[in-house]
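# Coordinate inspection notes
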Amino acid sequence: MNKVCAFAPATIANLNVGFDVLGLALSSVGDRVEVSANGLKENRITEIISEIPLPTDPKKNSCTYVIEKMQASLGVDTYVDVRIKKGFASGSGLGSSSASSAAAAYAYNAFLGNPFQIEELLPFAAEGERIACGSAHLDNVSPALLGGIVLLHNRKPVRLPMPKELYAVSFFPKIEVKTSSSRSIVAQHASLDVVAKQVSAMGAFVVGLYSGDYQLMNSASVDYLVEPSRKILIPYFDEMRAVAMGAGGITFGISGSGPSVFALSPTLMIAEKIRNALEAIYEGSGIRTLSFVEDLKNGKGAKLCEY
Ligand code: HSE
């Protein structure tokens, strides 16, 4: 193939209970990356459509960095021009660098005739995270590539079941929080008691996913580890939690490294109610917002674009 375009979706990482090891795929919002043979001796970025400027140096851009790692692993020198269309802002907490990295890995793999199985693309996509924020965490790139809800165990994906009905509300107050800064403020040590509570919460949340027990998911959904340090970056965080849970949310928390927040909801109606309540809190604050509701059944991961 001479030209391939792939789409990979935004994602919600951590899900309160699983810092760096749990994430889910959204569907309607995401990035498109197109690769085309350039007949040269290097990869090039030929176009970036993005609200926020991104690196155009192929050594520093997540997409070309991922592609370079794939080329090195396969020993191929089929260089490409890369066009990137961001569907949402970087620094939003919705897995922006992962969506680009996953789309680049998926597109280049398809361009080469799929030498890698999709799960084998994860380490390459994680390298895109490393160049973007200094850490090769997998909790955004895994659902961005594979779809659904994914748990990482020994850096390998374990796909978790999706309850019959589950909706996500994503709410992005348009302030930039760099993942690297948001990671740097997380406390590096936790007491045994806190770790025990978090392990229990994570286990119970996963059981809740298997059994479709919203009540268990709700009571389990506590972030003892990172939310206490990070929530200060997000205006009105506690007020938002109160309205989201008051409206019937299953859980509310920070999406990835923030500033976006998320809620999970058992019905579309409750999800819309939560979204409206979150928007109302920011009304008149001077901070622009972007919010959306998604049926998580549609979160299928990376795919080829429809031209
Ligand atoms: N697990 C990562 C973090 C996700 O919380 O820093 C970053 O989007």
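Heads up: these notes are all about the structure in this document. (Residues numbered from 1 in each chain as written. Predicted model: local features only at pLDDT ≥ 70, side-chain atom pairs only at ≥ 80, totals over all residues. Heavy atoms only, no water.)

## Re helix α9 (residues 237-246)
Taken residue by residue, α9 has F237, M240 and A244 as its buried positions. Mapping the buried residues of α9 onto a view down its axis gives an arc of 60°, with all of them on the same face. Against the buried residues of α9 lie β7 (167-173), α8 (227-230), β8 (251-254), β9 (261-265) and α10 (268-282). (Buried < 20%, exposed > 50% of the residue type's maximum accessible area, 1.4 Å probe, protein only. Helix = DSSP H or I, 4+ residues; strand = E, 2+ residues; numbered from the N terminus. Arc of directions from axis to C-beta. Contact = heavy atoms within 4.5 Å.)

## Re the site of the ligand
Taken together, A13, N14, F19, D20, H137, D139, N140, T179, R183, R230, G256 and S257 are the residues near the ligand. The contact in question runs from an oxygen atom of the ligand to an N or O atom on the side chain of N14, over 2.8 Å. In this structure, a nitrogen atom belonging to the ligand sits 2.5 Å away from a side-chain N or O atom of D20. Looking at the shell around the ligand residue by residue, the classes come out as 2 nonpolar, 6 polar and 4 charged. (Near = heavy atom within 4 Å. Polar contact = N/O pair within 3.5 Å; in protein donor to acceptor, adjacent residues only side chain to side chain. Nonpolar A, V, L, I, M, F, W, Y, C, P; charged D, E, K, R; others polar.)

## Details of the sheet that holds β8
In space, the 4 strands of this open sheet follow the order β8-β9-β7-β10, with antiparallel pairing throughout. Each edge of the sheet is formed by a strand with only one pairing partner; in this case those strands are β8 and β10 (289-295). Each strand of the sheet is rotated relative to its neighbour by a mean of 15°, with strand direction disregarded. Examined bridge by bridge, β7 and β10 share 7 bridges and lie antiparallel to one another. Bridge pairing links V169 to V293 in β10. Here α9 sits on the sheet and contacts β7, β8 and β9; the angle it forms with β8, its principal contact strand, is near 160°. (Pairing = 2+ DSSP bridges. Axes fitted to C-alpha atoms, helices over the stretch in contact; angles between N-to-C directions.)

## Description of the state of the cysteines
Counted according to the given criterion, the structure contains 1 disulfide. Unpaired in terms of disulfides, C63 finds its nearest cysteine sulfur in C5, a separation of 11 Å. Counting only cysteine sulfurs, C63 is the nearest neighbor of C133, a cysteine outside any disulfide, at a range of 14 Å. Residue class for C133 comes out buried when judged on its relative accessible area of 14%. (Disulfide = S-S within 2.5 Å.)

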